[in-house]
Each structure stands twice: as structure tokens, then as C-alpha cells.
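Take a look at the letters that make up each chain.
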Amino acid sequence: EVQLVESGGGLVQAGGSLRLSCAVSGISLDDHAIGWFRQAPGKVREGISCFSSYDGAIWYDDSVKGRFTISSDSAKNMVYLEMKPLKLEDTAVYYCAAAPEVNPSTYYCSPYGPPRSILYDYWGQGTQVNVSS
């Protein structure tokens, strides 16, 4: 079965860093676009980054651009999100998700806006990130 498991969350001070990991099984990262989402307390889930291996397309939300970096290791079926420097507003539950396909990248990882949750079939359970002052 398809499974995504996030890890690496925790409590950090503002200005600190974290590296989230997402272990993927049952599917290959070569064939599925990957998205990172987060849900802050009292807010809806939002897409913050995505990646399509078909053409190497990468998208970041303005709120994290320049601070977060998405990456993947197809051989290990792992996807990562490096976060630095963290801000108080980064406090949220972070989810990785996989789309059913990798192509077209403009559909699953659009250059015009955040990845759409409805297009992603497979989800991890989430990992909590708490940023303190």
C-alpha cells in the first residue's frame, strides 16, 4: 500500500532550523509530484511547496520562499523540507503528499499558485512544528 510518513518536527526557537523528512513507500517519486502543506492552529491547510520530477519544477509560497527548500532522493524514496530561519508564524502541522502523476507538472505543481490539496491522493499523518520566541 501507499504510505507517507513525516518526521523531523519539534520545538525550536525563532531563527532556528528544522529538516522535515517524508518517507514514501508503495510508489516512486519519479512518477508522482510531491507537495508540502501545513495547517496552523485555527487555520485551513495550505500548500507551501511542491516538486515535480518530470521537469524539475519547484514552487514555493511567498511566505516561505528563500527560507524553505524542498528536495528529494528518488533512490531512497525520500522527500525533505529544510526550514531556516524559522519564524513564529511557521508553527503548524506539516504534511507531505503525493499526487497521482508527475506530468503535467504545471497541473500538479502549478507555477501560478499553491498545490491544490484536492489533486493529491496520498497523505502523511503530519508532523508538528512549534516555533517559540
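Preceding block: the structure.
The model shown is predicted, which means the values in this text are computed figures rather than measured ones.

## Digging into the sheet that holds strand E3 (residues 18-25)
In space, the four strands of this open sheet follow the order E1-E3-E8-E7, with antiparallel pairing throughout. The open sheet is flanked by strand E1 (3-7) and strand E7 (68-73), the only strands paired with a single partner. Ignoring which end each strand starts from, the neighbouring axes of this sheet average 15° apart. Bridge count for E3 against strand E8 (residues 78-83) is six bridges, and the pairing is antiparallel. Its bridge partner being in E8, Cys 22 is matched across the sheet by Val 79.

## Thoughts on the pattern of salt bridges
Under the definition given, this model contains four salt bridges. Arg 38 serves as the salt-bridge partner of Glu 46, at 3.1 Å between the closest nitrogen and oxygen. With a relative accessible area of 34%, Glu 46 lands in the partly exposed category. Overlapping salt bridges, with partners in common, bring together Arg 38, Glu 46, Arg 67 and Asp 90 in one network.

## Things to note about the side chain of His 32
With respect to the helices and strands, the residue His 32 is situated in the loop between E3 and strand E4 (34-39). Only 3.2 Å separates the side chain of His 32 from the backbone oxygen of Pro 100, close enough to count as a polar contact. With residues up to four places along the chain from it excluded, the contact list for His 32 reads Ile 27, Ala 98, Ala 99, Pro 100, Glu 101, Val 102 and Tyr 122.

## Considering the environment of Arg 19
With respect to the secondary-structure elements, Arg 19 resides in strand E3. Residue classification places Arg 19 among the partly exposed residues on the basis of a relative accessible area of 47%. Expressed as a C-alpha distance, the spacing of Arg 19 and Ser 71, which sit 52 residues apart in the sequence, is 11 Å.

## Side note on the state of the cysteines
Under the criterion given, the structure shown has two disulfides. Note that Cys 22 is cross-linked by a disulfide to Cys 96, the S-S spacing being 1.9 Å. Between Cys 22 and Cys 96, the disulfide has an S-S torsion of 60° and is therefore right-handed. Taken together, the residues Cys 22 in strand E3 and Cys 96 in strand E9 (residues 92-98) connect sequence positions 74 residues apart. For the residue pair Cys 22 and Cys 96, the accessibility class agrees, reading buried in each case. Disulfide pairing is shown between Cys 50 and Cys 109; the S-S distance is 2.0 Å. A torsion of 85° about the S-S bond marks the disulfide between Cys 50 and Cys 109 as right-handed. Here the residue Cys 50 occupies a position in strand E5 (residues 46-52), and Cys 109 occupies one in the loop between helix H1 (105-108) and strand E10 (122-123), the gap between them amounting to 59 residues. Counting its disulfide-bonded cysteines in sequence order, the protein shows a connectivity of 1-3, 2-4.

What counts, and where the lines are drawn
- Residues numbered from 1 in each chain as written.
- Predicted model: local features only at pLDDT ≥ 70, side-chain atom pairs only at ≥ 80, totals over all residues.
- Heavy atoms only, no water.
- Pairing = 2+ DSSP bridges.
- Helix = DSSP H or I, 4+ residues; strand = E, 2+ residues; numbered from the N terminus.
- Axes fitted to C-alpha atoms, helices over the stretch in contact; angles between N-to-C directions.
- Salt bridge = Lys/Arg side-chain N within 4 Å of Asp/Glu carboxyl O.
- Buried < 20%, exposed > 50% of the residue type's maximum accessible area, 1.4 Å probe, protein only.
- Polar contact = N/O pair within 3.5 Å; in protein donor to acceptor, adjacent residues only side chain to side chain.
- Contact = heavy atoms within 4.5 Å.
- Disulfide = S-S within 2.5 Å.

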